[in-house]
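Descriptive structure summary
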Amino acid sequence: MSEQRRRMSAFTEADAAFTDALLPGLVTQLEGIGLMELEGEGSPVLDLFRKAKGPGLLIPARHGGHGLNCRDALRVQSALATLSPSLGVGTMMHHLAVVSFVEYLRVHVGDDAPQWALLASVAQRDHLLASASSEARRGSDALVPRTTATRQEDGGYVLNGSKKPCSLARSMDILTSSVLVRSDDEQDGTVALAVIPAAIEGVGVRPFWHSPVLVAAESEEVVLDQVHIPAAMVIPGGRPERGMDELQVRAWTWFEVLACGTYLGTAQSLFDRAASAPRVDRRTLGELAAELFVCRSACERAAATFDSGVAAGTAMTEALLARLYVEERLPDLCARIAKLLGGLAFVTGPEAAYLVSASRALAFHPPRGVSSAEALGERFTGAPLDLSIF
């Protein structure tokens, strides 16, 4: 079976057509390139996404983007990740940076404020935003960034620190990073969001990702060494001991839904191959289709709940329910689909083994499954949702 000619199943065909209507030509271009070329060093996936106007997917239409809601964004994310898991992983971090801005600006400055010019520029110029807002740490200080922003006499800030891994490290146009503010006023000790042009002096990239899986997502270490930026590029935040505010909860709800869609794309890619294989066991294929359907339905339900405008905590609860379910089921689901493909497919090409490996990475994104399960259990006994798990 030709890698370039494999047939899409019902799980991916409709979403691929939807994506192609939004980003004309991108799906066709990705289909014409072998999976391992898309996933390896020198992959064209991020450049193709940029040229297809993908960076503006979640930017409101009035500011030059497509203005997708969460459910439609899930469809696009799933379709693209089915063709290239690395593209899914890299772009979901771009989308996290975008929605963090969108949520903040809608609440704090209104739809007509000049601060929207940054996102309008992203949509117009097809800029990629890298998000460096989590540091993969646990414990009571996990919300306190190690990267600092020290206030200067001229009113600007000097940034120092590093973030690893940081997706899109080599292709980013703009870096968004959580920073601990150091100043001589009431902002001292708060956590802010810094907006940093990637080409500014002091921004560097060091190799960090040594796994052969998801290489094209460009998850490397980004180093900030005496980076001087004006005060307007540091968005005020709150104190870490107060936990996430409602805007952060909404942004991370987006992330949880899109992360599930991304890694479900690996299962869908395997399923497409199985559905296209000759002499596949139809009963087993149907059983696997049912499991994939339930995983997809859980994500779609969480996305639809978010889009309905419910309270942030309610939306996050459903997103975490979907995330916990998908994370628990995905490794076994992918392994069973690979088994259905057969040993010949496994040993004669790297695609099946690669996709099984890529599917495991959902567990490495915050929050940990054990923490989520405990927080959800407490939530359903009447306690507030514990967001310190992030």
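Worth saying up front: this structure is predicted, and the values here are computed from it rather than measured. (Residues numbered from 1 in each chain as written. Predicted model: local features only at pLDDT ≥ 70, side-chain atom pairs only at ≥ 80, totals over all residues. Heavy atoms only, no water.)

1. Here we look at the packing of aromatic side chains
Heads up, the condition is: Planes of paired rings set the category: under 30 degrees apart is stacked, over 60 is edge-to-face and the rest tilted, where pairs are Phe, Tyr or Trp rings (Trp by its six-membered ring) whose centres lie within 6.5 Å. Here a helix means four or more residues in a row that DSSP labels H or I, a strand means two or more in a row labelled E, and each is numbered from the N terminus. Classification of residues uses two cut-offs on accessible area relative to the type maximum, computed with a 1.4 Å probe and protein chains only: under 20% is buried, over 50% is exposed, and between them is partly exposed.
Within the structure shown, the criterion is met by 4 aromatic pairs. Ring plane angle 80 degrees and centroid distance 5.4 Å describe the contact between Phe11 and Phe271, whose orientation is recorded as edge-to-face. Here Phe11 is found in helix α1 (residues 10–22), whereas its partner Phe271 is found in helix α8 (residues 246–276), with 260 residues between them in sequence. Residue Phe11 is classed as buried on the basis of its relative accessible area of 18%. Its relative accessible area of 6% is what places Phe271 among the buried residues.

2. Remarks on the packing of helix α9 (residues 282–307) against helix α10 (residues 312–341)
Applicable threshold: Comment: axis = line fitted to C-alpha atoms, over the contacting stretch for helices; angle = value between 0 and 180 degrees taken between N-to-C directions. Roughly parallel means an angle under 35 degrees; roughly antiparallel means over 145; roughly perpendicular covers 65 to 115; every other angle is labelled oblique. Each crossing gets its hand from how the near helix is turned against the far one by less than a right angle, where anticlockwise is left-handed and clockwise is right-handed. Here the nonpolar group is Ala, Val, Leu, Ile, Met, Phe, Trp, Tyr, Cys and Pro; Asp, Glu, Lys and Arg are the charged ones; every other residue, Gly included, is treated as polar.
At a closest axis distance of 9 Å, the pairing of α9 and α10 adopts a crossing angle of 160 degrees. It follows from the interaxial angle that α9 and α10 lie roughly antiparallel. In this structure, α9 meets α10 at a crossing whose hand is left-handed. Residues that form the contact of α9 with α10 fall into these classes: 17 nonpolar, 2 polar and 5 charged.

3. Thoughts on unusual backbone geometry
Look at the link from Lys164 to Pro165: it is a cis peptide, with omega at -10 degrees. One can find Pro165 in strand β3 (residues 157–166). In this structure, Pro367 follows Pro366 across a cis peptide bond, with omega equal to 0 degrees. Locating Pro367 in the fold gives a position in the loop between α12 (351–359) and α13 (369–379).

4. Quick notes on α12
As a reminder, the rule being used: To be clear, the arc concerns the directions from the helix axis to the C-beta atoms.
Buried residues of α12: Glu351, Ala352, Tyr354, Leu355, Ala358 and Ser359, and no others. Seen along its axis, α12 keeps its buried residues to an arc of 160 degrees; they face one direction.

5. A closer look at the packing of α8 against α9
Note the threshold: Residue contacts follow a heavy-atom distance rule, with two residues in contact if any of their heavy atoms lie within 4.5 Å.
Contact geometry for α8 and α9: axes closest at 10 Å, N-to-C directions at 160 degrees. Between α8 and α9, the angle falls in the class roughly antiparallel. In this structure, the crossing between α8 and α9 has a hand that is left-handed. Taking contact as the criterion, the partners of Arg250, Thr253, Trp254, Val257, Cys260, Leu264, Ala267, Gln268, Phe271, Ala274 and Ala275 in α8 are, on α9, Leu285, Leu288, Ala289, Leu292, Cys295, Arg296, Cys299, Ala302, Ala303 and Phe306. Of the residues assigned to the contact of α8 with α9, the class counts are 17 nonpolar, 2 polar and 2 charged.

6. Examining the pattern of salt bridges
Rule in force here: Any carboxyl oxygen of Asp or Glu within 4 Å of a side-chain nitrogen of Lys or Arg constitutes a salt bridge here.
For the structure on display, the rule yields 17 salt bridges. Close ionic contact of Arg336 with Glu291 constitutes a salt bridge, the shortest N to O distance being 2.5 Å. With Arg336 in helix α10 and Glu291 in helix α9, this pair connects stretches of sequence that are 45 residues apart. Of the residues examined, Arg336 reaches a relative accessible area of 27% and is grouped as partly exposed.

7. Concerning the pairing of β3
Note the following rule: In this description, strands pair whenever DSSP reports at least two bridges between them.
One ladder, built from 4 bridges, connects strand β2 (residues 148–151) with β3; its direction is antiparallel. Bridging across to β3, Arg151 finds its partner in Tyr157. From the end of β2 to the start of β3, which pair antiparallel, there are 5 residues, and Gly155 there has a positive phi angle of about 95 degrees. As paired strands, β3 and strand β7 (residues 220–229) are joined by 7 bridges and run antiparallel to one another. Within the sheet, the bridge partner assigned to Cys166 lies in β7 and is Glu220.

8. Considering the confidence of the model for the protein
Filter applied, for reference: A residue's pLDDT is simply how confident the predictor is in it, with values from 0 to 100.
Mean pLDDT over the protein stands at 92; residues scoring 70 or higher make up 94%. Within the protein, the element-level pLDDT minimum falls on helix α11 (residues 343–348), averaging 68, and the maximum on helix α4 (residues 45–51), averaging 98. Every residue in residues 1–5 is under pLDDT 50, and counting partners more than four places away or in other chains gives 11 contacts. Throughout residues 135–140 the model reports pLDDT below 50, and contacts reaching past four residues in sequence, or to other chains, amount to 10 contacts.

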